[in-house]
Amino acid sequence: MRAGLGEVDPDSPPEPEQREIFGVVTCLLLAVAGAQIMRKSRANFERIEGGVTHALKIMRDIQLFQLPSAVALLERTIENAESGFTKDISEKDAWNTLFPSSF
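Along every chain, residues carry numbers that run from 1 in the direction the sequence is written. Two thresholds apply to this predicted model, a pLDDT of at least 70 for residue-level local features and 80 or more for giving and counting side-chain atom pairs, whereas whole-chain, interface and lining totals are computed over all residues. Only hydrogens and water are removed before side-chain values are computed, so all heavy atoms of the structure are retained for them.

Asker: Please provide a residue-by-residue account of the confidence of the model for the protein, values included.
Answerer: Confidence per residue, as judged by the predictor, is encoded in pLDDT with a range of 0 to 100. The predicted model of the protein has a mean per-residue pLDDT of 82, with 76% of residues at 70 or higher. For the protein, the element scoring lowest by mean pLDDT is helix α1 (residues 16-46), at 84; helix α3 (residues 68-82) scores highest, at 95. Each helix is a run of H or I in the DSSP string that is no shorter than four residues. Each strand is a run of E no shorter than two, and both are numbered from the N terminus.

What follows is the structure in C-alpha coordinates.
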(Lines give C-alpha, C1' and ligand atoms only; values in the text may rest on other atoms or scores of the structure.)
Protein backbone atom coordinates (compact mmCIF):
# COMPACT_ATOMS: atom_id res chain seq x y z
CA MET A 1 0.00 0.00 0.00
CA ARG A 2 2.92 2.35 0.59
CA ALA A 3 3.77 1.96 -3.11
CA GLY A 4 0.31 3.29 -3.88
CA LEU A 5 1.12 6.36 -1.81
CA GLY A 6 4.23 7.03 -3.85
CA GLU A 7 6.89 5.20 -1.87
CA VAL A 8 8.60 3.04 -4.44
CA ASP A 9 11.76 1.01 -4.77
CA PRO A 10 14.12 3.20 -6.84
CA ASP A 11 15.72 0.08 -8.33
CA SER A 12 12.42 -1.07 -9.84
CA PRO A 13 9.94 1.82 -10.11
CA PRO A 14 6.44 0.84 -11.23
CA GLU A 15 5.16 1.53 -14.71
CA PRO A 16 2.59 4.37 -14.94
CA GLU A 17 -0.28 1.84 -15.22
CA GLN A 18 0.96 0.07 -12.10
CA ARG A 19 1.09 3.34 -10.16
CA GLU A 20 -2.52 4.01 -11.10
CA ILE A 21 -3.58 0.52 -10.04
CA PHE A 22 -1.61 0.73 -6.78
CA GLY A 23 -3.18 4.14 -6.17
CA VAL A 24 -6.74 2.93 -6.71
CA VAL A 25 -6.22 -0.08 -4.43
CA THR A 26 -4.71 2.20 -1.79
CA CYS A 27 -7.67 4.58 -2.01
CA LEU A 28 -10.15 1.71 -1.70
CA LEU A 29 -8.41 0.39 1.40
CA LEU A 30 -8.02 3.79 3.06
CA ALA A 31 -11.56 4.91 2.18
CA VAL A 32 -13.13 1.78 3.64
CA ALA A 33 -10.79 0.84 6.47
CA GLY A 34 -8.54 3.85 7.02
CA ALA A 35 -9.23 4.04 10.75
CA GLN A 36 -8.40 0.40 11.32
CA ILE A 37 -5.34 0.50 9.05
CA MET A 38 -3.94 3.56 10.79
CA ARG A 39 -4.58 2.07 14.24
CA LYS A 40 -2.75 -1.12 13.38
CA SER A 41 -0.05 0.15 11.01
CA ARG A 42 0.55 3.82 11.81
CA ALA A 43 4.32 3.31 12.14
CA ASN A 44 4.49 2.02 8.56
CA PHE A 45 2.87 5.18 7.25
CA GLU A 46 4.69 7.71 9.43
CA ARG A 47 7.75 7.18 7.24
CA ILE A 48 5.90 8.53 4.20
CA GLU A 49 7.15 12.06 3.65
CA GLY A 50 4.43 14.52 4.64
CA GLY A 51 2.09 11.76 5.78
CA VAL A 52 -0.78 9.91 4.17
CA THR A 53 -2.95 12.97 3.54
CA HIS A 54 -0.08 14.73 1.80
CA ALA A 55 0.63 11.65 -0.36
CA LEU A 56 -3.04 11.45 -1.37
CA LYS A 57 -3.06 15.13 -2.32
CA ILE A 58 0.03 14.59 -4.45
CA MET A 59 -1.90 11.87 -6.31
CA ARG A 60 -4.57 14.47 -7.00
CA ASP A 61 -2.08 17.20 -7.94
CA ILE A 62 -0.22 15.04 -10.46
CA GLN A 63 -3.55 13.78 -11.84
CA LEU A 64 -2.55 10.17 -11.30
CA PHE A 65 -6.00 8.85 -12.19
CA GLN A 66 -7.48 9.04 -15.68
CA LEU A 67 -10.88 7.63 -14.74
CA PRO A 68 -13.26 10.25 -13.28
CA SER A 69 -14.70 7.75 -10.81
CA ALA A 70 -11.18 7.01 -9.49
CA VAL A 71 -10.71 10.75 -8.98
CA ALA A 72 -14.01 10.81 -7.06
CA LEU A 73 -12.82 7.96 -4.84
CA LEU A 74 -9.54 9.77 -4.27
CA GLU A 75 -11.43 12.89 -3.15
CA ARG A 76 -13.47 10.85 -0.68
CA THR A 77 -10.30 9.22 0.58
CA ILE A 78 -8.67 12.63 1.09
CA GLU A 79 -11.73 13.75 3.07
CA ASN A 80 -11.41 10.65 5.24
CA ALA A 81 -7.67 11.24 5.77
CA GLU A 82 -8.20 14.92 6.62
CA SER A 83 -10.73 13.88 9.27
CA GLY A 84 -8.17 11.60 10.91
CA PHE A 85 -9.91 8.63 9.29
CA THR A 86 -13.18 9.22 11.09
CA LYS A 87 -15.21 9.15 7.85
CA ASP A 88 -14.61 5.61 6.57
CA ILE A 89 -17.21 4.73 3.94
CA SER A 90 -18.93 1.42 3.40
CA GLU A 91 -17.51 -1.11 0.99
CA LYS A 92 -20.60 -0.79 -1.19
CA ASP A 93 -20.37 3.00 -1.25
CA ALA A 94 -16.66 2.85 -2.19
CA TRP A 95 -17.39 0.32 -4.93
CA ASN A 96 -20.28 2.40 -6.28
CA THR A 97 -18.05 5.47 -6.32
CA LEU A 98 -15.41 3.64 -8.33
CA PHE A 99 -17.86 1.71 -10.54
CA PRO A 100 -21.05 3.83 -10.62
CA SER A 101 -22.88 1.69 -13.18
CA SER A 102 -22.22 -1.64 -11.46
CA PHE A 103 -25.40 -1.55 -9.35
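Asker: Residues and numbers for the packing of aromatic side chains, please.
Answerer: The criterion for an aromatic pair is that two Phe, Tyr or Trp rings (for Trp, the six-membered ring) have centres within 6.5 Å, with stacked assigned to planes under 30 degrees apart, edge-to-face to planes over 60 apart and tilted to the rest. Counting across every chain of the model gives one aromatic pair. Pairing tryptophan 95 with phenylalanine 99 gives two aromatic rings, centres 4.5 Å apart and planes at 50 degrees, and the pair type is tilted. Exposure classes here rest on a 1.4 Å probe applied to the protein chains alone. A residue is buried below 20% of its type maximum, exposed above 50%, and partly exposed in between. Among the residues examined, tryptophan 95 registers a relative accessible area of 40% and is labelled partly exposed.

Asker: Quick rundown of helix α2 (residues 51-61)? Include the residues and the values.
Answerer: Within α2, burial applies to Val52, Ala55, Leu56 and Met59. One side of α2 carries all its buried residues, which in axial view fall inside an arc of 100 degrees. Backbone geometry just after α2 places glutamine 63 at a positive phi near 55 degrees. As used here, the arc is the angular range of directions from the helix axis to the C-beta atoms.

Asker: I'd like a rundown of the packing of α3 against helix α4 (residues 91-98), residues and numbers included.
Answerer: For any two helices packed against each other, the geometry comes down to the angle between their axes and how far apart the axes lie. Direction vectors running N to C along α3 and α4 enclose 140 degrees, while the axes themselves pass 7 Å from each other. The orientation of α3 with respect to α4, classified from their angle, is oblique. Residues Ser69, Ala70, Ala72, Leu73 and Arg76 of α3 lie in contact with α4, whose contacting residues are Asp93, Ala94, Thr97 and Leu98. Looking at side-chain class alone, the contact of α3 with α4 contains five nonpolar, two polar and two charged residues. Where helices are involved, their axes are fitted lines through C-alpha atoms of the stretch in contact, as for all axes, and angles between N-to-C directions lie from 0 to 180°. Roughly parallel means an angle under 35 degrees; roughly antiparallel, over 145; roughly perpendicular, 65 to 115; everything else is oblique. Contact between two residues is taken to exist if any of their heavy atoms lie within 4.5 Å; hydrogens are not considered. Under the scheme applied here, ten amino acids are nonpolar (Ala, Val, Leu, Ile, Met, Phe, Trp, Tyr, Cys and Pro), four are charged (Asp, Glu, Lys and Arg), and all others, including Gly, are polar.

Asker: Tell me what's going on with the nonpolar core, and back it up with residues and numbers.
Answerer: Put simply, a nonpolar core is a bunch of buried Ala, Val, Leu, Ile, Met, Phe, Trp, Tyr and Cys residues held in one set by side-chain atoms that sit within 4.5 Å of each other. Core analysis: the largest hydrophobic core is formed by 20 residues, its most contacted members being Cys27, Leu56, Met59, Phe65, Leu73 and Leu74. Secondary-structure elements contributing two or more residues to this core are α1, α2, α3 and α4. At six residues, α1 tops the list of elements feeding residues into this core.

Asker: So what about unusual backbone geometry? Which residues, and what values?
Answerer: The phi dihedral of glutamine 63 falls on the positive side, at around 55 degrees, and the residue is not glycine. Summarising the element assignment, glutamine 63 is placed in the loop between α2 and α3. The class for glutamine 63 is exposed, based on a relative accessible area of 61%. For phenylalanine 85, which is not glycine, the phi torsion reads 60 degrees and is therefore positive. Of note, phenylalanine 85 is situated in the loop between α3 and α4. Judged by relative accessible area, phenylalanine 85 falls into the buried class, the value being 8%.

Asker: Please give an account of a nonpolar patch on the surface that cites residues and values.
Answerer: Without a salt bridge and with relative accessible area above 30%, a residue can belong to a patch; like charges are then joined within 9 Å and nonpolar side chains (Val, Leu, Ile, Met, Phe, Trp, Tyr) within 5 Å. Computed by Shrake-Rupley with a 1.4 Å probe, the accessible areas treat only the displayed protein chains as cover when residues are assessed. For salt bridges, the criterion is a side-chain nitrogen of Lys or Arg within 4 Å of an Asp or Glu carboxyl oxygen. Nonpolar side chains collect at one region of the surface, where Ile21, Phe22, Val25 and Leu29 lie side by side and expose about 340 Å² of accessible area between them. By the element assignment, isoleucine 21 lies in helix α1.

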